[in-house]
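Read off the chains here:
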Amino acid sequence: MTGSLPFNEDAEISLLGALLIDNEKIPEVRQTLPDPGGFYKIPHQRAYKAILALHDRGEPVDQVTVPETMVSQN
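Residues numbered from 1 in each chain as written. Predicted model: local features only at pLDDT ≥ 70, side-chain atom pairs only at ≥ 80, totals over all residues. Heavy atoms only, no water.

1. With respect to the packing of aromatic side chains
Then step 1. All chains considered together, the criterion is met by 2 aromatic pairs.
Then step 2. Their ring planes at 10° and their centres at 3.9 Å tell us that F7 and Y40 sit as a pair that is stacked. Of this pair, F7 sits in the segment before α1 (9–21) while Y40 sits in the loop between α2 (26–32) and α3 (42–57); the two residues are 33 residues apart in sequence, bridging distant segments of the chain.
Then step 3. The class of Y40 is partly exposed, set by a relative accessible area of 43%.
Then step 4. Relative to Y48, the ring of F39 has its centre 5.0 Å away and its plane inclined at 50°; by these criteria the two rings are tilted. (Phe/Tyr/Trp six-rings, centres within 6.5 Å; stacked < 30°, edge-to-face > 60°. Helix = DSSP H or I, 4+ residues; strand = E, 2+ residues; numbered from the N terminus. Buried < 20%, exposed > 50% of the residue type's maximum accessible area, 1.4 Å probe, protein only.)

2. Section: the nonpolar core
Then step 1. Of all hydrophobic cores here, the largest spans 15 residues; its most connected members are L16, L19, I26, Y48, I51, V61 and V66.
Then step 2. Elements supplying a minimum of two residues to this core: α1, α2, α3 and α4 (65–72).
Then step 3. Looking at this core element by element, the count peaks at 6 residues for α3.
Then step 4. Beyond its immediate stretch of four places on either side in the chain, V61 contacts L20, N23, I26, I51, L54, H55 and V66. (Core = buried A, V, L, I, M, F, W, Y, C linked by side-chain atoms within 4.5 Å. Contact = heavy atoms within 4.5 Å.)

As structure tokens, then:
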């Protein structure tokens, strides 16, 4: 055993997609998954970080603003 945690890439993608569709679920998901480190894939961590940042600022969270925020976070 390598010591790495199991992960499900499809589940990560589905969760991120669901948050783009239904922004009202972000606070609920955040209670269970408080930080991006809960995602295995680095791009998924970055997307979740962008989603949380946009939501915290009261800005729209969608398929345009999330990638733009991800680019500006670098």
